[in-house]
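The primary structure of each chain is shown beneath.
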Amino acid sequence: MYLMDKNFYITTPIYYPSAKPHMGHAYSSIIADFFARFKRICGYNVFFLTGTDEHGQKILKASENANLEPLAFCDLISKNFQNLSKTLNLTNDDFIRTTEKRHFDSVRALWKILEQNDEIYLSKYSGWYSVSDEAFYSDDEVETKDKKKVAISSGSNVEWVEEESYFFRLSKWQNKLLDFYNKNPNFILPEARRNEVLSFVKGGLKDLSISRKSLKWGIRVPSNENHTIYVWLDALTNYLSALNYPDTKNNLYKNFWPASLHLIGKDILRFHAVFWPAFLLAAKIDPPKRIYGHGWILSGDEKMSKSKGNILDPIDIIKEYGLDPLRYYLIKEVSFGNDGNISRDQLERCINSDLANNYGNLCQRVISFLDKNLNLEIPNKANFENEDHNILNKFDENYHNLINAIDNQNINYYINFVINQLFAANKYFNDQEPWNKKNDIKRLNTILYVSLELIRKISILLYPVIPESALKVLSIFNVKETELTYISIKNNNFLKPKTKIKKIEILFKKIEKK
């Protein structure tokens, strides 16, 4: 039995839609969808949020270049990301846009609370600012390259800014943040990111400029319409505005805050792991339970970016190879938490070796054999022998290990387990030689029953990874998506003998080199 009061709130970063979606956007979204799907089949009440961050100087400049009003421009480009969610087969429950009224209301409410709590004051900002990063940098975070000032961490151009600004008293939260990190050692993962944040905070925090007087595109400061709220205080609040904050009594907020997992790229770690918990603690709101900063998807050794012209378009890859192969590659081949590479050659090798030869081949061989010999009828099994128990019980034995792996974002453990079971299932079918057991019907039937059970169990574990393909396989057993339960992998006798199953089409075509 599942406890249906278990809640899980997962978010992607909200994407900056000044350019077309790229592989990095697809990666964050696919990983979040993987976690959301797994939690749902574990009986959790899941709320999965993604969206677009539509304010700031970059958007304003891009809209001017397109000869459009900023909102009209955002309406247009935000659709690219809403369409990407459909193309990636995401199961997001909401899509938040920072230009929506519900978001404006949340940001203004949070600002007012911070102001009432004396966490905000008016002063003058003098320092380096990057339009590309929408971030402020100190002198020691800037260097000169080709006679231009750039941020050391991102390489983006910075400009010197002097203007009146509201400040958040970030400096006063330095020790309180360190205390919070100490009491919540798994708040930031992986450990390398946690160490990075600790080092930054221990180095000393300065008060943070949280408004721009010169920027007109954004949410105005409630008490001073001449100022626009800094894009990161605005953007981060999306995680609350999707839950109808400041109405903390509504069911969405009560069920899902604090968020279970903010999934982000490592380049926006500081905003999420330092500024965000400080804002929340200052407003007397619980911080999220975990922030996970994953690596970049690289093209060669470089991060994909519009300025470098090295973007591999996920839409093009999906049109050429299909969605599930891309999902599988990004989940399996990129070691989660580290940077990862993608190329057509690597993707093709992965499709051929793992999807076509391993998973596809297992399903095809077993079901074709059943078709030829038992007219697609699930056989009556005899008693399981040791080798049957050994391979079937691996799932029950690892049931809690897999849950723990997911709860700690250890995707590598999960996917390696699935791949090992696929190899083991193929080996079992080969070693048992059902084609040589036609004189021993009881044993033949048992081998086929075990093989079908292995296909079912593996397909349930593959459902969060390659949902469309896994559901195709599960549909031959008349298992519907709404009926999927993780706990059923413990059951070695799920399939009902004498039930007819359906034929299966080729799941993954091998890619031949031209």
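Look up: the structure comes first, before these words.
What counts and what doesn't
- Residues numbered from 1 in each chain as written.
- Predicted model: local features only at pLDDT ≥ 70, side-chain atom pairs only at ≥ 80, totals over all residues.
- Heavy atoms only, no water.
- Helix = DSSP H or I, 4+ residues; strand = E, 2+ residues; numbered from the N terminus.
- Rg over C-alpha atoms; globule rule 2.2 N^0.38 Å.
- Contact = heavy atoms within 4.5 Å.
- Lys, Arg positive; Asp, Glu negative; His and termini not counted.
- Charge placed at Lys NZ, Arg CZ, Asp CG, Glu CD.
- Salt bridge = Lys/Arg side-chain N within 4 Å of Asp/Glu carboxyl O.
- Pairing = 2+ DSSP bridges.
- Phe/Tyr/Trp six-rings, centres within 6.5 Å; stacked < 30°, edge-to-face > 60°.
- Buried < 20%, exposed > 50% of the residue type's maximum accessible area, 1.4 Å probe, protein only.
- Lys NZ or Arg CZ within 6 Å of the ring centre and 35° of its normal.
- Core = buried A, V, L, I, M, F, W, Y, C linked by side-chain atoms within 4.5 Å.
- Expected span 1.5 Å × (residues − 1).
- Axes fitted to C-alpha atoms, helices over the stretch in contact; angles between N-to-C directions.
- Disulfide = S-S within 2.5 Å.
- Polar contact = N/O pair within 3.5 Å; in protein donor to acceptor, adjacent residues only side chain to side chain.

**Student:** What should I look at first to understand the overall build of the protein chain in this one?
**Tutor:** Each helix and strand counted, the protein chain has 18 helices and 18 strands in total. For 514 residues, the compact-globule formula gives about 24 Å, and the C-alpha radius of gyration of the protein chain, at 26 Å, lands near that figure. The contacts of the protein chain with a sequence gap of at least 6 include a subset with a gap of at least 24, amounting to 77%. The averaged location of the 62 negative side-chain charges in the protein chain is 3 Å from the averaged location of its 69 positive side-chain charges.

**Student:** How should I be thinking about the pattern of salt bridges in this particular structure?
**Tutor:** Opposite charge on two side chains permits pairing when their charged atoms draw close. On inspection of all chains with the given rule, the structure shows 32 salt bridges. Here the salt bridges do not stand alone but share partners, grouping D33, R37, R327 and E481 into one network.

**Student:** Honestly, the sheet that holds strand β12 (residues 220–221) in this entry has me stumped. Any pointers?
**Tutor:** Note: strands within a sheet are paired through backbone hydrogen bonds, in either parallel or antiparallel orientation. A sheet is described by the order of its strands in space; here 3 strands give the open sequence β11-β13-β12, paired in antiparallel fashion. Among the strands making up the open sheet, the edge pair consists of β11 (211–212) and β12.

**Student:** Honestly, the packing of aromatic side chains in this entry has me stumped. Any pointers?
**Tutor:** For any two aromatic rings, the description comes down to two numbers: the centre-to-centre distance and the angle of the planes. All told, the structure shown has 33 aromatic pairs when counted by the stated rule. Their ring planes at 25° and their centres at 5.7 Å tell us that Y15 and F81 sit as a pair that is stacked. Here Y15, found in the loop between β1 (7–11) and α1 (23–41), pairs with F81, found in helix α3 (residues 70–87); they are 66 residues apart in sequence, far enough to count as distant. Here the two residues Y15 and F81 agree in accessibility, since each one is buried. Aromatic pair F271 and F275: ring centres 5.7 Å apart, planes at 75°, arrangement edge-to-face. You can see F271 and its partner F275 sitting in helix α10 (residues 269–282), 4 residues apart, about one turn around the helix. Taking the relative accessible area as the measure of exposure, F271 reaches 9% and is therefore buried. Taking the relative accessible area as the measure of exposure, F275 reaches 6% and is therefore buried. Site record: aromatic cluster; members linked through ring pairs are F34, F35, F38, Y292, F336, Y399, Y414 and Y486. Seen from the ring of Y44, K39 lies directly overhead, with NZ or CZ sitting 4.2 Å from the centre.

**Student:** How should I be thinking about the nonpolar core in this particular structure?
**Tutor:** Proteins that are soluble and globular tend to have nonpolar side chains buried together. Within the largest apolar cluster, 98 residues are counted, with the highest numbers of intra-cluster contacts made by F35, L330, Y359, L462 and Y486. Non-local contacts of L330, meaning those with residues more than four positions away in its chain, are made with M23, Y27, I30, I297 and I342. Within the second largest apolar cluster, 72 residues are counted, among which are L49, Y181, V231 and A235.

**Student:** How do you make sense of helix α4 (residues 101–116) when you look at a structure like this?
**Tutor:** Within an α-helix, residues lying three or four positions from one another point in the same direction, as the helix has 3.6 residues per turn. The terminal C-alpha atoms of α4, which comprises 16 residues, lie 22 Å apart, in line with the 22 Å expected from a rise of 1.5 Å per residue. Among the residues of α4, those classed as buried are H103, S106, V107, A109, L110, W111 and L114. One or two residues past the end of α4 sits D118, with phi positive at roughly 60°.

**Student:** How do you make sense of the sheet that holds strand β2 (residues 45–52) when you look at a structure like this?
**Tutor:** Taken together, 6 strands build an open sheet; the order of strands is β3-β2-β1-β14-β15-β9 and the sheet is parallel. In the strand order of this sheet, the two ends are held by β3 (94–97) and β9 (188–189), each with one partner. Here β9 pairs with strand β15 (residues 291–294) via 2 bridges, running parallel. Bridging across to β15, I188 finds its partner in I291. Most of the contacts of α1 go to β2, to which it runs at about 165°, and overall it touches β1, β2, β14 (261–265) and β15.

**Student:** Can you help me understand helix α2 (residues 57–65) in this one?
**Tutor:** The complete set of buried residues in α2 reads Q57, I59, A62 and S63. As for α2, its buried residues are in contact with α3, β4 (120–130), β8 (159–168) and β11. Downstream of α2 by one or two residues, N67 has phi in the positive range, about 55°.

**Student:** I tried to follow the state of the cysteines on my own but got confused; where do I start?
**Tutor:** Cysteine pairs can be linked by a disulfide, which is a covalent bond between their two sulfur atoms. The full count for this structure, using the stated rule, is 0 disulfides. Left unpaired, C350 is separated from the closest cysteine sulfur, that of C363, by 16 Å. The class for C350 is buried, based on a relative accessible area of 3%.

**Student:** Where do I start with the environment of K496 in this structure?
**Tutor:** Assignment of secondary structure puts K496 in the segment after α18 (467–475). The sequence separation of K496 and F477 amounts to 19 residues, and the corresponding C-alpha distance is 9.5 Å. Engagement of the side chain of K496 in a polar contact is seen with the backbone oxygen of F494, the distance being 3.1 Å.

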